[in-house]
Amino acid sequence: MKSLFGKVLAGALGFAAAIGISAFAADITGLKAEVPAEIPAEGTATVTVTGKIAPGAEATILVAEESVSVLEAIKDSEIQYINQDSVDSEGNFKFNAVLKVGAKYNVWCGGTDVAQVGKDQADLTIKGPDSYKVMGTITLYSTAKFDTVTVESGEVKGTVNAAGEYEIALGNGQHDIVIGRPGYLYKTISVTVSGSDVPNQNVALVAGNTVVTEGTQIINGEDLNAILLNYLVKSGEEGYDAALDLNDDTVISGEDLNAVLLNYLETSAK
């Protein structure tokens, strides 16, 4: 999964003084929440809330969903009582809050009386990852290698390993993924990403498309002719073209010719 935002919350309100109670909230500074670098696509995530309290001061802090009223938050949330016993020598404190992924939260702070609670200026949204992996295995003809295989969806490019296993990171929604290799027909698959990885999107590429033209690709007499004209030419010799060596054995031979014959008149559109 990818890095998310931290340092979401800053500063505590001095609301308590304005309503005639002890200004304990104003004694808290640097209030912020830090989101872990990696969180799940759904479920919960543990957020660390930190801040600093003035010498001799104490306060109450709670983290509650934005849609929840103050009184509901007080009733249903785990209240954090910050005093001199819960801070380090410089007055710094921290505690963990387990929050639901996808929900929006506010941090509230106030005096020692839980009923005297005020709202902080910022909010915190726990988000799932911006993209998810679409994965699968690609099959090629005979002993062909995967180092020239491409996996693309628009401007997004995927990766393929030596075993033909590919992955590409895409956001939620429907996507067309185009998989190709020189000498092969391109294959386009459509996938829908909805909040989780999409595995088992396996693809078999068809060998024999040695001559690429505009529009729909077709394996036909032009491809046969290209191989026959360069028959038995080896890698490093004049006329050798890796796109004609469909099995990657370093020589344009009968096995490459056979691939064209097996897939004659197969088509694909990129």
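Every residue gets a number counted from 1 within its own chain, in the order that chain's sequence is written. A pLDDT threshold of at least 70 governs which residues receive local features in this predicted model, and a stricter bar of 80 or more applies before side-chain atom pairs are shown or counted, although totals over entire chains, interfaces and linings include all residues. With hydrogens and water set aside, each side-chain value is computed from the structure's full complement of heavy atoms.

Here, nonpolar core means buried Ala, Val, Leu, Ile, Met, Phe, Trp, Tyr and Cys residues that are tied together by side-chain atoms lying within 4.5 Å of each other. Partly exposed residues are those whose accessible area sits between 20% and 50% of the maximum for their type, while under 20% is buried and over 50% is exposed, using a 1.4 Å probe and protein chains only. In terms of nonpolar packing, the biggest core is built from 34 residues, with V134, I138, L140, I177, I179, Y184 and L246 touching the most fellow members. In this description a helix means any DSSP run of H or I spanning at least four residues, a strand means any run of E spanning at least two, and both kinds are numbered starting from the N terminus. Of all elements in the fold, only β8 (132-139), β12 (165-170), β13 (173-180), β15 (187-193), α3 (221-229) and α4 (254-262) reach the threshold of two or more residues within this core. Residues count as neighbours in contact if any of their non-hydrogen atoms are within 4.5 Å of one another. Not counting residues up to four positions away in its chain, the partners in contact with I179 are I138, V149, T150, V151, Y166, L185, Y186, K187, V203 and L205. Ranked by size, the runner-up nonpolar core spans 15 residues in total, among them V47, F95, A97 and A103.

Turning our attention to the sheet that holds strand β16 (residues 203-204). The rule for pairing is simple: two strands pair if DSSP sees at least two bridges between them. The sheet built from 4 strands is open, its strands ordered β11-β12-β8-β16 with mixed pairing. Taken across any chain shown, the strands that pair with only one partner, and hence form the sheet edges, are β11 (159-160) and β16.

The next point concerns the side chain of S153. Structurally, S153 is set in strand β9 (residues 150-153). Pairing of N or O atoms within 3.5 Å defines a polar contact, subject to two protein rules: one partner must be a possible hydrogen donor and the other a possible acceptor, and residues neighboring in sequence count only if both atoms are side-chain atoms. Of note is the side chain of S153, whose polar atom sits 2.9 Å from the backbone oxygen of D176. Sequence-distant contacts of S153, defined by excluding residues within four places in its chain, comprise I168, L170, H175, D176 and I177.

Nothing here speaks to function; it is all geometry.
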